[in-house]
Amino acid sequence: MISLSEADALDTGLSSVKEGDESRAFQALDSLKGIAEGFLEEKELEDAKRVIQGLEDIAVAAAGSAMELLAINSTLAFGELAKTAAGKGFESLVRKNMLAIGKVGKTAAEQELEAGSKVAVTTLMELWNNPDLQKERDITISTALFLKEIGVASAKRNQEEAVINAAIFLGEIGRKSVEESLESETLSALILVEEIGHEAAESYLDEGLSKAALAVEEIGKLAIKKKLEAAMLQSRWALEAFRVRAKEKILTHSDIVVEVALEPFQPFEELDSNENIEKIREIKKLHNKLASEMEL
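The structure reproduced in this document is the subject of the present report.

### Observations concerning the environment of glutamate 126
Mapping glutamate 126 onto the fold places it in helix α6 (residues 114-128). In this structure, the C-alpha to C-alpha distance between glutamate 126 and isoleucine 283, residues 157 residues apart in sequence, is 24 Å.

### Regarding the packing of helix α7 (residues 137-156) against helix α9 (residues 183-202)
For the pair α7 and α9, the least separation of the axes is 9 Å and the interaxial angle reads 5 degrees. If you check the angle between α7 and α9, you find them roughly parallel. On the side of α7, the interface is formed by Arg137, Thr140, Ile141, Ala144, Leu145, Leu147, Lys148, Gly151, Val152, Ala155 and Lys156, while α9 contributes Ser184, Glu185, Ser188, Leu192, Glu195, Ile196, Glu199 and Ala200. Among the residues making up the contact of α7 with α9, the classes are represented as nine nonpolar, four polar and six charged.

### Details of the layout of surface pockets
When its volume is computed, the largest pocket comes out at roughly 280 Å³. Listing elements by their share of the lining of the largest pocket, those giving two or more residues are α5 (91-110), α7 and α13 (274-293). For the lining of the largest pocket, the per-class residue count stands at six nonpolar, two polar and six charged.

### With respect to the packing of aromatic side chains
A ring pair, where both rings are aromatic, is described by two values, the distance of the centres and the angle of the planes. Applying the stated criterion across every chain, the model contains zero aromatic pairs. In this arrangement the basic side chain of lysine 135 is found over the ring face of tryptophan 128, its NZ or CZ atom lying 5.3 Å from the centre.

### Quick look at α6
Compared with the 21 Å implied by 1.5 Å per residue over 15 residues, the 21 Å span of α6 between its first and last C-alpha is a close match. Within the sequence span of α6, burial applies to Gly116, Ser117, Ala120, Val121, Thr123, Leu124, Met125, Leu127 and Trp128. Taken together, the buried residues of α6 touch α4 (68-87), α5, α7 and α8 (160-179).

### Side note on the packing of α9 against helix α11 (residues 229-248)
With their axes 9 Å apart at the nearest point, α9 and α11 run at an angle of 5 degrees to one another. Taken together, the axis directions place α9 and α11 in an arrangement best described as roughly parallel. Contacts from Glu183, Thr186, Leu187, Leu190, Ile191, Val193, Glu194, Gly197, His198, Ala201 and Glu202 in α9 reach Glu229, Ala230, Ala231, Gln234, Ser235, Ala238, Ala241, Phe242 and Arg245 in α11. Considered class by class, the residues forming the contact of α9 with α11 number 10 nonpolar, five polar and five charged.

About the thresholds
Residues numbered from 1 in each chain as written. Predicted model: local features only at pLDDT ≥ 70, side-chain atom pairs only at ≥ 80, totals over all residues. Heavy atoms only, no water. Helix = DSSP H or I, 4+ residues; strand = E, 2+ residues; numbered from the N terminus. Axes fitted to C-alpha atoms, helices over the stretch in contact; angles between N-to-C directions. Parallel < 35°, antiparallel > 145°, perpendicular 65-115°, else oblique. Contact = heavy atoms within 4.5 Å. Nonpolar A, V, L, I, M, F, W, Y, C, P; charged D, E, K, R; others polar. 1 Å grid on protein atoms, 1.4 Å probe; cavity = no way out; pocket = protein on both sides within 12 Å on 5 of 7 lines; lining within 4 Å. Points joined across faces, edges and corners; volume = space filled by probe spheres on them. Phe/Tyr/Trp six-rings, centres within 6.5 Å; stacked < 30°, edge-to-face > 60°. Lys NZ or Arg CZ within 6 Å of the ring centre and 35° of its normal. Expected span 1.5 Å × (residues − 1). Buried < 20%, exposed > 50% of the residue type's maximum accessible area, 1.4 Å probe, protein only.

Below you can see the structure in the form of structure tokens.
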């Protein structure tokens, strides 16, 4: 395949998506990926960031035009670029690629491209689990935000498998965070999986709500062992809200799952302290700040 210059690749990619010309769009994608890899190798980070932004523009447009194969291949390209960036310690470019994956996954979900949204979810988790990636607080919370955005968008389109995947992976982030006694990251995962659960209930996705409840239960039980009180409180709040939603929507399986999940949290009424409530509010504020900065 003939390689295009950066300017030609960007123009070709955007115009070919608009025209529905998948072959030319793939040519542009391959060219831009190769150019970005070259800049990463030369440690030209600003140039690499610019090219990745061009790739993102094309990929999001492709997902918005229901060009699922192009969206999937773009996601995989961002994943490879992020792994390269992580291996070289370029954390800002890891974030840039993960943001692109999140936006493509959310757009794919909105267009009912279930395979595209699922690939985005699994790629994000592969990156988050990459040993080269330093899991700073903002990286973990940003990853959780991307998963929530994809999960909520999938729930609104009744794509239950994608909803389940997002809830399961958020549960994984929460469990690993609580094992390391990282309260902010744990609270973030709990708050965001609750949002997925609410949207699943709204769309009558019984299994989706059940998986969200199980994720909260698993994180919450570990929080009890670690004595992370704010996380214990958020777990109880989320499950109580799920119980109400399950009964309202007559989601019989979820109703049973939530009732059982709530049992370990019933003795902790004293957790409703101003300090714990404020911790939860602060994480919600951080979510809003990060989401605004990332234009999610």
